[in-house]
Amino acid sequence: MSAEAAVPLKRYAFMLRIRPGTEEAYEAAHRAVWPEMLALLKRAGISEYSIYRRDQLLVLTLRAADFEATWQKIEADPINTRWQQAMAPYFAPNEGVRPGERFPMMEEVFYLA
């Protein structure tokens, strides 16, 4: 077993908002996520990635060893740059981001395995 495989994965959740009227297009884009973007997410150490939507509110959940280190790997890749450019028209400005946060993070208060 590699040292990387021995690192326990943590659960993370955060919120984003999409612009009103973009719901269908946003969902269509996520029914056809580029294979190279999916590979990048896995390569960066993400697993069990889900996006939930209620109207314009998105709740994203994932597992990773270290959220910030994982996101730095993703941000450094040109595949992600292209994906973010394609997704930018859908997103509303982030609100409620606290100092040191990349996204409005949610704190886990209960988990039943």
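Above this note sits the structure.
Summary of the structure given here.

## Comments concerning the nonpolar core
Right, so step 1: Formed by 25 residues in total, the largest nonpolar core has its most connected members in F14, M37, L62, W71 and I74.
Right, so step 2: Those elements that provide at least two residues to this core are strand 1 (10-17), helix 2 (23-31), helix 3 (35-44), strand 3 (57-64), helix 4 (67-75) and helix 5 (78-87).
Right, so step 3: Those residues in contact with I74 that lie beyond four places of it in its chain are M37, L40, L41, A44, I46 and N80.

## A few points about the pairing of strand 3
Right, so step 1: Two strands pair when backbone bridges link them, and strand 1 and strand 3 are joined in this way by 8 bridges, in the antiparallel orientation. Paired with K10 across the two strands is A64, which belongs to strand 3.
Right, so step 2: In this structure, strand 2 (residues 47-54) lies alongside strand 3, joined through 6 bridges in antiparallel fashion. Note on strand 3: the bridge partner recorded for R53 is L58.
Right, so step 3: The turn linking strand 2 back onto strand 3 is made up of 2 residues, and D55 within it adopts a positive phi angle of 55 degrees.

Cut-offs used in this document
- Residues numbered from 1 in each chain as written.
- Predicted model: local features only at pLDDT ≥ 70, side-chain atom pairs only at ≥ 80, totals over all residues.
- Heavy atoms only, no water.
- Core = buried A, V, L, I, M, F, W, Y, C linked by side-chain atoms within 4.5 Å.
- Buried < 20%, exposed > 50% of the residue type's maximum accessible area, 1.4 Å probe, protein only.
- Helix = DSSP H or I, 4+ residues; strand = E, 2+ residues; numbered from the N terminus.
- Contact = heavy atoms within 4.5 Å.
- Pairing = 2+ DSSP bridges.

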